[in-house]
Amino acid sequence: MNETSDSPNPGGIKALVQKHKGQIGVGLLVLYVCLLGLGTIGEIWEIEWILDLPLFRPPGKY
């Protein structure tokens, strides 16, 4: 009996990350730029709902 079709892909996540390293990097960069833009808009126009998000709260503010 051949059980290789039922077993997971050898290397798993490491192989997946290695194969798609460029796409993951671009995705993280796009996410960073979007969050940076959202925070900038919140600061410039003083939009409270943006500034109250946990990501943009100053340390110590509940």
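Here is what the cut-offs are and how they apply
- Residues numbered from 1 in each chain as written.
- Predicted model: local features only at pLDDT ≥ 70, side-chain atom pairs only at ≥ 80, totals over all residues.
- Heavy atoms only, no water.
- Helix = DSSP H or I, 4+ residues; strand = E, 2+ residues; numbered from the N terminus.
- Buried < 20%, exposed > 50% of the residue type's maximum accessible area, 1.4 Å probe, protein only.
- Areas by Shrake-Rupley, 256 points an atom, 1.4 Å probe, with all protein chains shown as cover.
- Patch = residues over 30% accessible without salt bridge, like charges linked within 9 Å, V, L, I, M, F, W, Y side chains within 5 Å.
- Salt bridge = Lys/Arg side-chain N within 4 Å of Asp/Glu carboxyl O.
- pLDDT = per-residue confidence, 0-100.
- Expected span 1.5 Å × (residues − 1).

Next up on the list: the overall build of the protein. On a plain count of helices and strands, the protein comes out with 3 helices and 0 strands. Looking at the protein as a whole, 6% of its 62 residues qualify as buried. For the protein, the accessible area works out to roughly 5,800 Å², and carbon and sulfur atoms hold 68% of it.

It is worth spelling out a nonpolar patch on the surface at this point. Together, I13, V17, I24, L28, L31, L35 and L55 make up a nonpolar patch on the protein surface, roughly 670 Å² of accessible area in all. Ranked by residue count, the leading element in the nonpolar patch is helix α2 (residues 21-44), at 4 residues. Mapping I13 onto the fold places it in helix α1 (residues 12-19).

When pLDDT is low, close inspection of the predicted coordinates is not appropriate. When pLDDT is averaged along the protein, the result is 86, and 82% of the positions lie at 70 or above. Ranking the elements of the protein by mean pLDDT puts α1 last with 90 and α2 first with 96.

Right, let's talk about α2 for a bit. The end-to-end C-alpha distance of α2, which contains 24 residues, comes to 35 Å, matching closely the 34 Å that a straight helix rising 1.5 Å per residue would cover. Once α2 ends, the next one or two residues include E46, with phi positive near 50°.

Right, let's talk about unusual backbone geometry for a bit. Here the phi dihedral of E46 falls at roughly 50°; this positive angle occurs in a residue that is not glycine. Along the chain, the position of E46 falls in the loop between α2 and α3 (48-51). A relative accessible area of 61% places E46 in the exposed class.

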